[in-house]
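Tertiary structure, described
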Amino acid sequence: MADTTQLKYTTLNEIDAIHATLRQSFRAGKLRSIAARKVQILQLAYLIQDNHDRFKEAFAADLGRPALETALLELDSTISDCKIAYDSVEKWARTEKAPFSLNFFPMRPVIRKEPKGVVLSISPFNYPVWLALGPMIGAIAAGNCFVLKPSELSPAVSGLIAELVPKYLDPDVVRIVLGAVPETTRLLELPWAHILYTGSGRVAKIVCAAAAKTLTPISTELGGKSPVVIDPKCDLQTAAKRIMWGKCVNAGQTCVAPDYILVPEDAQDKVIQALKATHDEFYPTGPSTAGVFGRIVNYAHFRRLKGLLDRSAGEIAFGGETNENDKYISPTIVKNVKGDDSLMSEELFGPILPIVPVKNVDEAIAFINDRDNPLTLYVFSQDAAFKAKVFDNTLSGSAVANDTLVHCAVDGLPFGGIGPSGSGYHTRKYTFDLFTHLRSSLDSPAWVDALFGSRFPPYTAKKESFLKSLLGVKLPPRPRQLANGTDQVGKGN
């Protein structure tokens, strides 16, 4: 398992050399052409496809991940992202015309899509291919040189990526840095065109503070406690299946996994019955059977989760089995959990799902709003008014009805948090945008001064009047009420 796999860390001198090499490569325009970018993107797809079985073995070593989960959530989805970028990069990178303006169209204003430079991504252990190579796809598509710092907590997968990348991709444009705190610290001392950090809010504060010293722009994807609001009138059988899947995939170590359930008190037991039936359907031989349910990434995270469960004042409805030697925690439902419980003190990031009983949907909304904005908010209901009430009165990175996790896979949807759950958006086209500089450009012909010559000194009232007639804006009628609600009708203009 992951605690015994060793990585050979990149030296601090090597990090400096990597940074210098990629800066030189970027200046040389190694990925200036779309054709060069497509070669690297396609090579990345083949890196995964050619080594499918090796990656499955690495995931089993790091996370005890079932092979189907690895293929569905990481390998095949990342290959798909490569294909989307390969097919779309020419369109994504195309210079855009600015919206038509009668005054400015002679200057031919456009928006150039240009790479930012040498960019850095620091990826987490829980999805060590999709969250590591996904940003790489978008950065390359945008024409950047790219450094990946994968997680040292998933050493089998990170080591495999470090081995394969230089065999498939040009080391002058993509490099892997292996390491822990000292190596990451050194990376953050260097100037970057952009940083994408995926991980905990605690570490994000350190990363953001370090980036500020070099004025490096940064985007973060941080997770948090994603709630599930259940309408007791919903299709409980379907809801239970999708909630349990979202919670049990990767043993709950997913940034958008359901973190807790809010349900009316009188429906709590009915929800638990549906969840238990789904659990037994998912794991007929028990979740402890090797290869059917994941394991916690390391002993430290196992002990953190067990400690939260042991200190909880809630009642274990089912589950609760643990085995430290195997880093195993069974899917566990805890009922009658209060807002100040240990299980509500931090993002769980494990297969424990507390149920917080509430009086009604209004109390559920207030409960959510009293806490940090979550990365995702789930609602299970067939009632359009119920869903709208929850979504319209809360803030979250994503708002998902009647399913879990799948929004991350939908091409065309941005993935990102709000406030403490993250900043910025990525996945597919949005990753391209993240690593792209929108460069304003125009080309103004000499004859334009026949129209705009009045901008030049010496200034006169006549010139000002002419410019106002040319560029002035006619406002719509005043609103009948001011912002404070005062009626101003009859008060004149």
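The rules behind the values
Residues numbered from 1 in each chain as written. Predicted model: local features only at pLDDT ≥ 70, side-chain atom pairs only at ≥ 80, totals over all residues. Heavy atoms only, no water. Pairing = 2+ DSSP bridges. Helix = DSSP H or I, 4+ residues; strand = E, 2+ residues; numbered from the N terminus. Axes fitted to C-alpha atoms, helices over the stretch in contact; angles between N-to-C directions. Contact = heavy atoms within 4.5 Å. Disulfide = S-S within 2.5 Å. Buried < 20%, exposed > 50% of the residue type's maximum accessible area, 1.4 Å probe, protein only. Right-handed = clockwise from strand over helix to strand, strands pointing away.

What holds strands together in a sheet is hydrogen bonding between their backbones, with the strands either parallel or antiparallel. The strand order across the open sheet built from 7 strands is β10-β13-β14-β9-β8-β15-β16, with neighbouring strands paired in mixed fashion. The open sheet has two edge strands, β10 (315-318) and β16 (398-401), and neither has a second partner. Ignoring which end each strand starts from, the neighbouring axes of this sheet average 25° apart. Here β10 runs beside strand β13 (residues 332-335); their pairing, made up of 3 bridges, is antiparallel. Looking at β13, one finds that E315 is bridged to K335. Sheet strands in contact with helix α12 (residues 361-369) are β8 (226-230), β9 (258-264), β14 (352-358) and β15 (376-380), and its direction is about 150° off that of β9.

Let's shift gears to the sheet that holds strand β17 (residues 422-423). Strand order in the open sheet formed by 6 strands is β5-β4-β3-β6-β7-β17, with mixed pairing between adjacent strands. Either end of the sheet is taken by a strand with one partner, and the two such strands are β5 (174-176) and β17. Taken together, the 4 bridges between strand β3 (residues 118-122) and strand β6 (residues 194-198) define a ladder with parallel strand orientation. Note that in β6 the partner of L120 across the bridge is I195. This element, helix α5 (residues 130-141), spans β3, β4 (145-149), β5, β6 and β7 (218-221) of the sheet and lies at about 170° to β4.

Here we come to the state of the cysteines. Think of a disulfide as a covalent bridge from one cysteine sulfur atom to another cysteine sulfur atom. Throughout the structure, instances matching the rule amount to 0 disulfides. Unpaired in terms of disulfides, C208 finds its nearest cysteine sulfur in C255, a separation of 16 Å. We note that C248 lacks a disulfide partner, and the nearest cysteine sulfur, in C255, lies 17 Å from it. C248 gets classed as buried once you look at its relative accessible area, which sits at 3%.

A few words on the pairing of β16. With burial as the criterion, only one face of β16 is covered, namely that bearing S398 and V400; the residues A399 and A401 on the opposite face remain uncovered. As paired elements, β15 and β16 share 4 bridges and run parallel to each other. What sits directly across from Y378, in β16, is V400. Handedness of the β15-helix α13 (residues 384-392)-β16 crossover: right-handed.

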